[in-house]
Amino acid sequence: MSEPVLSMAQPITLLQPARLEIGAGAITRLAAWAEPYKRVFVVAMVPTIGFVDRIGLMGAVETFIDIPPEPDLPAVEAVLAAARAFRPDLVIGLGGGSVMDVAKLVAVLWDSEQSVIDVVGVGKVWGRRSALAQVPTTSGTGSEAGIRSLVTNPETLAKLAVESPFMLADIAVLDPELTYSVPAAVTAATGIDALAHCVESFTNIKAHPLIDGYASLGISLVGRYLARAVADGRDTEARAGMMLASYYGGVCLGPVNTAGGHALAYPLGTRLKLPHGLANAIIFPHMLAFNASARPGKTAVVAQSLGLSGVVATDSVLAESLAYCRGLGLNMSLSSHGASEQDLAAWAEDAFAIKRLIDNNPRPLSVSDILSIYRDAY
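Okay, so let's go over this structure. (Residues numbered from 1 in each chain as written. Predicted model: local features only at pLDDT ≥ 70, side-chain atom pairs only at ≥ 80, totals over all residues. Heavy atoms only, no water.)

## Considering the pattern of salt bridges
Proximity of charged atoms lets side chains of opposite charge pair with each other.
Moving on, step 1. All chains considered together, the criterion is met by twelve salt bridges.
Moving on, step 2. Asp212 is paired through a salt bridge with Lys298; the nearest N and O atoms lie 2.8 Å apart. With Asp212 in helix α7 (residues 209–231) and Lys298 in helix α11 (residues 296–305), this pair connects stretches of sequence that are 86 residues apart. Accessibility classification places Asp212 together with Lys298 in one group, the buried group.
Moving on, step 3. We note a salt bridge from Asp359 to Lys355, for which the minimum N-O separation is 3.6 Å.
Moving on, step 4. On the basis of relative accessibility, which here comes to 43%, the residue Asp359 falls in the partly exposed class. (Salt bridge = Lys/Arg side-chain N within 4 Å of Asp/Glu carboxyl O. Helix = DSSP H or I, 4+ residues; strand = E, 2+ residues; numbered from the N terminus. Buried < 20%, exposed > 50% of the residue type's maximum accessible area, 1.4 Å probe, protein only.)

Below you can see the structure in the form of structure tokens.
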């Protein structure tokens, strides 16, 4: 199957943070930027609270750390209540993707009459008066680069997506030293999540030459540095490379977004309670292989970047990419993570319902296709 020719004339909008600080010790440069702000509200988690002092913020600082791994509406409302009581002029997200997603919502909603439900969708946020800084402490989601936030509806367990240019950070700080303590297994899983962002954007039906540039750079960085970061958490160059790969993946999400892979991963987070990175890592080889026939040239680029053979036959792609993930120490079997085979059909229906991503996939996905992928991953 031939691949579509991408048109440079296709309209596209690319938004990025106004300022990007990257490199070892970059977090220390945030204090000078934040000096004009007198009331700083930091959204963090227990493992990242120690980094607040490293920033050296001036003025009144309040840190909220009670953020669950998959934030739902009540969790976000609790953070908003704390922010409304504090009345910040700067909000900082200091943590992984969930923390940064919540920080975006806090920045646009704490002083607004709008609720989270009011802004679900695209372009529904009225505005933002507080400044927003994003400081990732993992290398996976790329949330620091983007304008989307995801929150779980506890009644349906569906992911609610909010998208607005008002949620774009004023500054993003990529300091590899903040990721030194991330365990090897988490480094591997979140690294594959960053890879999936780039690959799903690269092979997407909405793919664009501009975004392909960021995506291919991100894929190359993962191939060069992920195994090193897993092997030695204090390899600063590898950690910095993975932070940049994650950032590039986040850049890709704005104009293009992910596709079938993330749609299949979301039920594993909401239903099985798998961490987002691990859910995407388990699905990644299966979707790369499923889409290979629709994007043979780009699949070959991905495979070669990861040090695989580049043979684009479905079976070869699946076997080699599974071996790559297992070589990073990841357990790639759903059953070993507590899944029951009887649950898979319902999860397939859940995934298929995420049309905003399913419809981006380069090869059409049916419910039966999704169920077959889940069974292969079982």
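## Topic: the packing of helix α9 (residues 260–270) against helix α10 (residues 276–290)
Moving on, step 1. Contact pair α9 / α10: the axes reach a minimum separation of 8 Å and the direction vectors enclose 135°. In terms of axis orientation, α9 runs oblique to α10. Along this stretch, α9 crosses α10, giving a crossing that reads as right-handed. Residue-level inspection shows Gly260, Gly261, His262, Leu264, Ala265, Tyr266 and Leu268 of α9 in contact with α10, the latter providing His276, Ala279, Asn280, Ile283 and Met287.
Moving on, step 2. Across the contact of α9 with α10, the residue classes break down as seven nonpolar, five polar and no charged. (Axes fitted to C-alpha atoms, helices over the stretch in contact; angles between N-to-C directions. Parallel < 35°, antiparallel > 145°, perpendicular 65-115°, else oblique. Left-handed = near helix turned anticlockwise from the far one by under 90°. Contact = heavy atoms within 4.5 Å. Nonpolar A, V, L, I, M, F, W, Y, C, P; charged D, E, K, R; others polar.)

## Some details on the nonpolar core
One recurring pattern in soluble globular proteins: nonpolar side chains tend to sit buried together.
Moving on, step 1. Within the largest apolar cluster, 75 residues are counted, with the highest numbers of intra-cluster contacts made by Ile192, Leu264, Tyr324, Leu330, Leu334 and Tyr374.
Moving on, step 2. The contact partners of Tyr374, leaving out residues within four places of it in the chain, are Leu264, Pro267, Leu268, Ile283, Leu334, Leu344, Trp347, Ala348 and Ala351.
Moving on, step 3. Among the nonpolar cores identified, the runner-up in size contains 30 residues, and Val79, Ala82, Val91 and Leu109 belong to it. (Core = buried A, V, L, I, M, F, W, Y, C linked by side-chain atoms within 4.5 Å.)

## Digging into the packing of aromatic side chains
Moving on, step 1. Considering all chains together, one arrives at five aromatic pairs under this definition.
Moving on, step 2. With 5.5 Å between their ring centres and 40° between their planes, Trp33 and Tyr37 make a pair best called tilted.
Moving on, step 3. Taking relative accessible area as the criterion, Tyr37 reaches 23% and is therefore assigned partly exposed.
Moving on, step 4. Cluster of aromatic residues (ring-pair linked, three or more members): Tyr214, Tyr247 and Tyr248.
Moving on, step 5. In this arrangement the basic side chain of Arg39 is found over the ring face of Phe86, its NZ or CZ atom lying 4.2 Å from the centre. (Phe/Tyr/Trp six-rings, centres within 6.5 Å; stacked < 30°, edge-to-face > 60°. Lys NZ or Arg CZ within 6 Å of the ring centre and 35° of its normal.)

## A look at the side chain of Arg239
Moving on, step 1. The residue Arg239 is located in helix α8 (residues 236–253) in this model.
Moving on, step 2. Beyond its immediate chain neighbours, meaning those up to four positions away, Arg239 contacts Ser139, Pro176, Thr179, Tyr180, Val182, Thr187, Ala229 and Gly233.

## Remarks on the pairing of strand β7 (residues 148–152)
Moving on, step 1. Counted residue by residue, β7 has five buried out of five residues, so it is predominantly covered.
Moving on, step 2. Side-chain alternation along β7 places Arg148, Leu150 and Thr152 on one buried face and Ser149 and Val151 on a second face that is also buried.
Moving on, step 3. Of the strand pairs in this sheet, β7 and strand β8 (residues 159–163) are connected by five bridges, and their pairing is antiparallel. Bridging from a neighbouring strand, Leu150 pairs with Ala161 of β8. (Pairing = 2+ DSSP bridges.)

## Brief notes about the packing of α9 against helix α15 (residues 367–377)
Moving on, step 1. Contact geometry of α9 with α15 gives a least axis separation of 11 Å together with a crossing angle of 60°. Taken together, α9 and α15 sit at an angle that is classed as oblique. Here α9 runs over α15; the crossing is right-handed. The segment α9 lies against α15, with Leu264, Pro267 and Leu268 engaging Ile370, Ile373 and Tyr374.
Moving on, step 2. Of the residues belonging to the contact of α9 with α15, the class tally is six nonpolar, no polar and no charged.

## Here's the deal with the sheet that holds strand β6 (residues 131–136)
Whether parallel or antiparallel, the strands of a sheet pair through hydrogen bonds between backbone atoms.
Moving on, step 1. With parallel pairing, six strands are arranged side by side in an open sheet as β1-β9-β6-β4-β2-β3. Of all the strands in the sheet, just β1 (19–22) and β3 (60–64) have a single pairing partner and so form its edges. For this sheet the average axis-to-axis angle between neighbouring strands, irrespective of direction, equals 15°.
Moving on, step 2. Of the strand pairs in this sheet, β6 and strand β9 (residues 171–174) are connected by two bridges, and their pairing is parallel. For Ala133, the partnering residue across the bridge sits in β9 and is Ile171.

## A word on the sheet that holds β7
Moving on, step 1. Sheet architecture is open: three strands sit in the order β5-β8-β7, paired in mixed fashion. Edge positions in the open sheet fall to β5 (121–122) and β7, since each of these has one partner strand only.
Moving on, step 2. Packing of helix α4 (residues 97–109) onto the sheet brings it into contact with β7 and β8, and relative to β7 it is tilted by some 105°.

## As for α4
Moving on, step 1. Here α4 contains 13 residues, and its C-alpha end-to-end distance of 18 Å stays within 8% of the 18 Å for a straight helix at 1.5 Å per residue.
Moving on, step 2. Burial within α4 is extensive, with 13 of its 13 residues counted as buried. (Expected span 1.5 Å × (residues − 1).)

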